[in-house]
Amino acid sequence: MDLRGTVALVTGGNGGLGQRICHALAKEGAHIAVMYAQSRDQAEGVARELASSYQINAAAFACDITDPAAVDKLVTDVAKRLGRIDILINDAAYNKSVPFPDLDNLTQELWDKIMAVNLTGPMRLTKAVAPIMKAQGRGHIVNIASVAGLSPTGSSIAYAVSKAGLIHLTRCMAVALAPETLVNCVAPGLLEGTRATANLLPEVVTRNASASLLRKPADKDDCADMVVTMCRTETMTGQTIVIDSGRLFH
């Protein structure tokens with residue numbers, strides 16, 4: 001699919017990986033809705049930079065993706081402001097380190113928050129954009145999961161389970177939304193310079209990077225480029241691509 005003139009809604013678009021995804025899509029000519037939960041000034045700055053750098057339309061939209069009414073309003077506002085929605089990138093996420101054996105600190109409150117943001121939020125957003133994409137006759141949804149969703153590892157049991165759920169949600173929604181909408185997933189390894197990584201213990205960051213074959217974190221630009229590829233495809237759906245510097249497969 002030619003991305004020129006399409007409209008992409010990127011959740012967490014002001015974050016470390018989210019910004020790279022916004023730039024990669026805007027470079028291809030897509031108009032960008034930068035969704036943020038809190039940092040309004042930063043998100044508006046990202047939107048201005050995108051519009052100036054790539055001569056596309058870009059705007060910042062606030063949304064708490066754990067609030068069903070807010071999600072519905074977001075989708076309505078984006079479609080009204082930018083005219084359509086061709087692409088949804090579910091990048092917004094929450095994370096906090098809790099070692100797997102430390103079940104006492106895996107509180108119900110933490111579990112609920114991680115699930116609400118990382119899994120239920122993308123489900124709500126997918127359901128909200130689905131009728132628009134179906135009516136348009138095409139659409140692409142890309143979920144940003146994690147290698148923690150493919151192996152019992154990572155920063156906490158809640159985070160790993162939420163990302164495993166997101167990977168399977170990708171498959172299920174690919175079935176539900178075919179043939180008009182294609183749904184795929186990128187599963188990065190450790191990414192430096194993101195809010196999720198900032199919440200990790202330093203020893204977790206060091207251990208993850210050193211355990212990869214390439215001895216370095218995954219690259220945010222590699223992930224953003226894969227998102228673009230998934231937004232272009234006409235025949236790939238229900239798939240998860242791992243980008244982790246060669247940590248998981250061996």
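Residues numbered from 1 in each chain as written. Predicted model: local features only at pLDDT ≥ 70, side-chain atom pairs only at ≥ 80, totals over all residues. Heavy atoms only, no water.

Chemist: Residues and numbers for the overall build of the chain, please.
Modeler: For the chain, the helix and strand inventory stands at eight helices and seven strands. Taking 250 residues into account, the globule formula puts the C-alpha radius of gyration at 18 Å, and the chain, at 17 Å, falls close to it. When each of the 250 residues of the chain is scored for burial, the buried share is 52%. Accessible surface for the chain amounts to roughly 11200 Å². Of this, 52% is attributable to carbon and sulfur atoms. Charged side chains of the chain number 24 positive and 24 negative; the gap between the two group centres comes to 3 Å. (Helix = DSSP H or I, 4+ residues; strand = E, 2+ residues; numbered from the N terminus. Rg over C-alpha atoms; globule rule 2.2 N^0.38 Å. Buried < 20%, exposed > 50% of the residue type's maximum accessible area, 1.4 Å probe, protein only. Areas by Shrake-Rupley, 256 points an atom, 1.4 Å probe, with all protein chains shown as cover. Lys, Arg positive; Asp, Glu negative; His and termini not counted. Charge placed at Lys NZ, Arg CZ, Asp CG, Glu CD.)

Chemist: Help me get a handle on the packing of helix H1 (residues 16-27) against helix H8 (residues 220-232), residues and values and all.
Modeler: Helix packing for two helices is described by the angle between their axes and how far apart those axes are. At their nearest, the axes of H1 and H8 sit 9 Å apart, and the two run at 45 degrees to each other. With respect to each other, H1 and H8 are oriented oblique. Seen along the crossing, H1 lies across H8 with a hand that is right-handed. For the pair formed by H1 and H8, the contact residues are Gly16, Leu17, Arg20, Ile21, Ala24 and Leu25 on the first element and Lys220, Asp221, Cys223, Ala224, Val227, Val228 and Cys231 on the second. Of the residues assigned to the contact of H1 with H8, the class counts are nine nonpolar, one polar and three charged. (Axes fitted to C-alpha atoms, helices over the stretch in contact; angles between N-to-C directions. Parallel < 35°, antiparallel > 145°, perpendicular 65-115°, else oblique. Left-handed = near helix turned anticlockwise from the far one by under 90°. Contact = heavy atoms within 4.5 Å. Nonpolar A, V, L, I, M, F, W, Y, C, P; charged D, E, K, R; others polar.)

Chemist: Before we move on, could you go through the pattern of salt bridges and cite the residues and values that matter?
Modeler: What the rule picks out here adds up to eight salt bridges. Note that aspartate 2 is salt-bridged to arginine 4, the shortest N-O span being 2.6 Å. Since its relative accessible area comes to 38%, aspartate 2 is described here as partly exposed. In this structure, the salt-bridge partner of arginine 40 is glutamate 44, at a minimum N-O distance of 3.0 Å. Taken as a pair, arginine 40 and glutamate 44 lie in helix H2 (residues 40-54) at a separation of four residues, close to a single helical turn. Look at the salt bridges and you will find they share partners, linking Arg84, Asp86 and Arg138 into a network. (Salt bridge = Lys/Arg side-chain N within 4 Å of Asp/Glu carboxyl O.)

Limitation: the analysis is restricted to geometry and does not speak to function.
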